[in-house]
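Residue strings, one per chain:
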Amino acid sequence: MAQDGNELITKHATMPPWGLEGKRILVAVSAGVAAYKTCILVRALIRAGAMIKIVMTESARAFVSAETFQALSGEPVYTDLWDDRVSNRMAHIELGRWADAIIIAPASADLMARLAHGICNDLLSTLCLARPRDRCLLLIAPAMNKEMWSHPATQRNAAILEKDATIFLGPDRGDQACGETGDGRMLEPDDLLQALEHALSPKFLAGRHCLITAGPTFEAIDPVRGITNRSSGKMGFAIARAASQAGAIVHLIAGPVSLKSPWQVHRTDVVSALDMKQAVDRALESMQHSVIERSIFISVAAVADWRPAEIASQKIKKQHGESAPSLQFIENPDILAGVAARSPRPFCVGFAAESEMLHEHGEAKRKKKNIPMLAANIGHETFGQDLNQLLLLDARGSRSLPLATKEKLAQQLIEAIASDLT
Ligand code: CTP
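First, a word on scope: everything that follows refers to the structure included in this document. Residue indices follow the written sequence of each chain, beginning from 1 at its first position. Note on the predicted model: pLDDT of at least 70 is required for a residue's local features to be given, and 80 or more for side-chain atom pairs to be given and counted; whole-chain, interface and lining totals, by contrast, use all residues. As a convention, hydrogens and water are excluded, and side-chain values are obtained from all of the structure's heavy atoms.

### Topic: the packing of aromatic side chains
Alright, step 1. Any pair of Phe, Tyr and Trp rings, taking the six-membered ring for Trp, is counted once the centres come within 6.5 Å. Such a pair is stacked with planes under 30 degrees apart, edge-to-face with planes over 60 apart, and tilted for the rest. Using the criterion set out here, one finds 1 aromatic pair in the structure.
Alright, step 2. Should the NZ of a Lys or the CZ of an Arg lie within 6 Å of a ring centre and within 35 degrees of the ring normal, that charge is described as sitting over the ring. One cation-aromatic arrangement involves Lys-53 over Trp-98; the distance from NZ or CZ to the ring centre is 5.0 Å.
Alright, step 3. The aromatic ring of Tyr-78 is capped on one face by Arg-85, whose charged end is 5.0 Å from the ring centroid.

Pasting the structure below:
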């Protein structure tokens, strides 16, 4: 009988909170067409459980009204250095003291210049200078015409701000409101949200490399057909996102899925189990032994156990009156067991997609593959879903992670891994 994981739970209770829930975010808006995207960011932050206050510059209000932000956030919008809604009329001090992070989106060239040189001529520039820098992060998402961004003056200001520990988010490359194409687009709201989550999460895995496989594999029968499974990749992508938030350098090797890469995650797309194995081997072979020893391999992919022995070079045609073609299969290599058999090897975490007897099958699989940790789940109940529940198995016993979003479970799994590593 496995022991209950109370020991693990006690250890986890002391871990600092992840991401945006309960965090105080000051969203600051300066002049730029991209201000409309900041409306979407504000909604997403509220949905993620953050507390919001909004500051706008005078010229930002030429693009989106203060009333729009007020309606979206349900909070007063601050624009005036002498705002008398702040009891001591020191909005520039109180707002900076309140915030865990300030995100300026969009950040104009003019605002960047003022921030770089400590010029305090409005509420936003003054509160940025006055904020307690040891506990209030400053993130800026520039948005401007490509000539303005690439101008040596702007680049000089960006370098000064970076030296002053400002976190730059973008800018991105693409079509611009002025009709040109180039560097200077503001990042999309989801990227800004993930960047904030990243900046505010505890760094349990700082400096460690984390290699993750995710999604299904596709084993070709002929040029148009193949065998795959219903894995969506959501769990593996959520784990990649959480590992990156926790400070790991993440390489995600994904089978065919239609998901966007998480923030700051390096991704390699593969199709078949053999491709996936090759990508995993290459990634490990590019690391020094001392790095592998401190790294983590999380094998979330639903790898096809077999592949057709031969792939027809042309589409197999239906022959009327003849029986269906019979396919011969050969077994695919077990990628996880292969990594676990290496020396040196990373800390290996497996997944078990079962249909019953989670504990028995999961523990048998953990031992058979010789890995320190395995997360078991009911495969057909979780494939493609946003929610899941896991049974975590390690040398200390088992622990249930009850029904939750895959993002939440991913964070709990990363905490458990960090706890087993230390
Ligand atoms: N796995 C792998 N390579 C394979 C098959 C599985 O790396 N060829 C990994 C999966 O990513 C997962 C773990 O092994 O982490 C268990 O996968 P699962 O499909 O549940 O188990 P199998 O080993 O395939 O055993 P079975 O299908 O008999 O349950």
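Don't stop here, the text continues.
### Digging into the pairing of strand β9 (residues 209-214)
Alright, step 1. Relative accessibility decides the category of a residue: with a 1.4 Å probe and only protein chains considered, values under 20% of the type maximum give buried, values over 50% give exposed, and everything between is partly exposed. Secondary structure elements follow DSSP: runs of H or I no shorter than four residues count as helices, runs of E no shorter than two count as strands, and numbering proceeds from the N terminus. For β9, the tally of buried residues reaches 5 of 6 residues, placing the bulk of the element in the interior.
Alright, step 2. Strand pairing is assigned whenever DSSP identifies at least 2 bridges connecting the two strands. Across 6 bridges, β9 lies against strand β12 (residues 249-254) in parallel orientation. The residue bridging Cys-210 from the neighbouring strand is Val-250, located in β12.
Alright, step 3. The pairing of β9 with strand β14 (residues 296-299) spans 4 bridges and is parallel. Residue pairing for β14: Leu-211 is matched across the bridge by Phe-297.

### Some details on the nonpolar core
A general trend in soluble globular proteins is that nonpolar side chains are found buried together.
Alright, step 1. Each nonpolar core is a collection of buried residues, namely Ala, Val, Leu, Ile, Met, Phe, Trp, Tyr and Cys, held together in the definition by side-chain atoms within 4.5 Å. Within the largest apolar cluster, 38 residues are counted, with the highest numbers of intra-cluster contacts made by Ile-212, Ile-239, Ile-298, Phe-351, Ile-414 and Ile-417.
Alright, step 2. A contact between two residues is defined here by any heavy atoms of the two lying within 4.5 Å. For Ile-414, the contacting residues outside a window of four places in its chain are Trp-18, Phe-204, Leu-205, Ile-239, Ala-242, Ala-243, Ala-246 and Ile-298.
Alright, step 3. Within the second largest apolar cluster, 35 residues are counted, among which are Leu-45, Ala-50, Leu-139 and Ala-143.

### Concerning the site of the ligand
Alright, step 1. Taken together, the neighbourhood of the ligand is formed by 14 residues, with Ser-299, Ala-301, Asp-305, Lys-365 and Lys-369 sitting nearest.
Alright, step 2. A distance of 2.7 Å separates an oxygen atom of the ligand from a polar atom in the backbone of Ala-301.
Alright, step 3. Buriedness of a pocket was judged along seven lines, with at least five required to meet protein on both sides within 12 Å; pockets are open sets of points on a 1 Å grid over the protein atoms alone, cavities are sets where a 1.4 Å probe fits but cannot get out, and lining residues have an atom within 4 Å of a point. What decides whether a molecule sits in a cavity or pocket is whether more than half of its atoms lie within 2 Å of the grid points. The pocket occupied by the ligand, as judged from atoms lying within 2 Å of grid points, is the largest pocket.
Alright, step 4. Going through the elements one at a time, α13 (335-340) and β17 (347-354) are the ones with two or more residues in the shell around the ligand.
Alright, step 5. Each residue gets one label: Ala, Val, Leu, Ile, Met, Phe, Trp, Tyr, Cys and Pro are nonpolar, Asp, Glu, Lys and Arg are charged, and the others, such as Gly, are polar. For the shell around the ligand, the residue count by class is 8 nonpolar, 2 polar and 4 charged. For this purpose, a residue is taken to be near a molecule or strand whenever a single non-hydrogen atom of the residue falls within 4 Å of it. We define a polar contact as two N or O atoms separated by no more than 3.5 Å, with the added condition that, inside protein, one atom must be a possible hydrogen donor and the other a possible acceptor, whereas residues neighbouring each other in sequence contribute only through side-chain atom pairs.

### Digging into the environment of Glu-21
Alright, step 1. Tracing the sequence through the fold places Glu-21 in the loop between α1 (6-13) and β1 (24-29).
Alright, step 2. Sequence separation of Glu-21 and Leu-196 is 175 residues, and the distance between their C-alpha atoms is 11 Å.
Alright, step 3. When near neighbours in sequence (up to four residues on either side) are disregarded, Glu-21 contacts Ala-48, Gly-49 and Lys-408.

### A look at the sheet that holds strand β19 (residues 387-394)
Alright, step 1. Pairing is mixed in the open sheet, where 8 strands are placed in the order β13-β12-β9-β14-β17-β18-β19-β20. Two strands in the sheet have a free side with no partner beyond their single neighbour: β13 (266-269) and β20 (397-405). Strand-to-strand twist of the sheet, defined as the mean angle between neighbouring strand axes without regard to direction, takes the value 15 degrees.
Alright, step 2. Note that β19 and β20 share 7 bridges and pair antiparallel. Bridging across to β20, Leu-392 finds its partner in Arg-399. Here an angle of 0 to 180 degrees is reported between the N-to-C directions of two axes, which are lines fitted to C-alpha atoms, with helices fitted over the stretch in contact.

### Remarks on the layout of surface pockets
Alright, step 1. Grid points are joined across faces, edges and corners, and a volume is the space filled by probe spheres set on the points. Computed from the structure, the largest pocket encloses a volume of approximately 890 Å³.
Alright, step 2. Lining the largest pocket are 38 residues, and of these Ala-301, Ala-302, Val-303, Phe-351 and Ala-353 sit closest to its centre.
Alright, step 3. If one sorts the elements of the lining of the largest pocket by residue count, β17 sits on top with 4 residues.
Alright, step 4. Looking at side-chain class alone, the lining of the largest pocket contains 15 nonpolar, 14 polar and 9 charged residues.
Alright, step 5. If you add up the space inside the second largest pocket, you get close to 600 Å³.
Alright, step 6. If you trace the second largest pocket, you find 24 residues lining it, with Glu-21, Thr-405, Glu-407, Lys-408 and Gln-411 closest to the centre.
Alright, step 7. Within the residue set of the lining of the second largest pocket, elements represented by two or more residues are α1, α9 (189-200), α10 (234-245), β20 and α16 (406-421).
Alright, step 8. Residues belonging to the lining of the second largest pocket are distributed by class as follows: 10 nonpolar, 7 polar and 7 charged.

### Here we look at the pattern of salt bridges
Alright, step 1. Only one rule defines a salt bridge in this text: a Lys or Arg side-chain nitrogen within 4 Å of an Asp or Glu carboxyl oxygen. For the coordinates displayed, the defined rule picks out 22 salt bridges.
Alright, step 2. Here Arg-85 and Asp-83 are joined by a salt bridge, their closest N and O atoms 2.5 Å apart.
Alright, step 3. For Arg-85, a relative accessible area of 46% gives the class partly exposed.
Alright, step 4. By relative accessible area, Asp-83 is classed as buried at 6%.
Alright, step 5. The salt bridge partner of Asp-190 is Lys-260, with a shortest N-O separation of 3.4 Å. Of the two residues, Asp-190 is situated in helix α9 and Lys-260 in the loop between β12 and β13; the sequence distance between them amounts to 70 residues.
Alright, step 6. One continuous salt-bridge network, built from bridges that share partners, spans Lys-277, Asp-281, Glu-285 and Arg-342.

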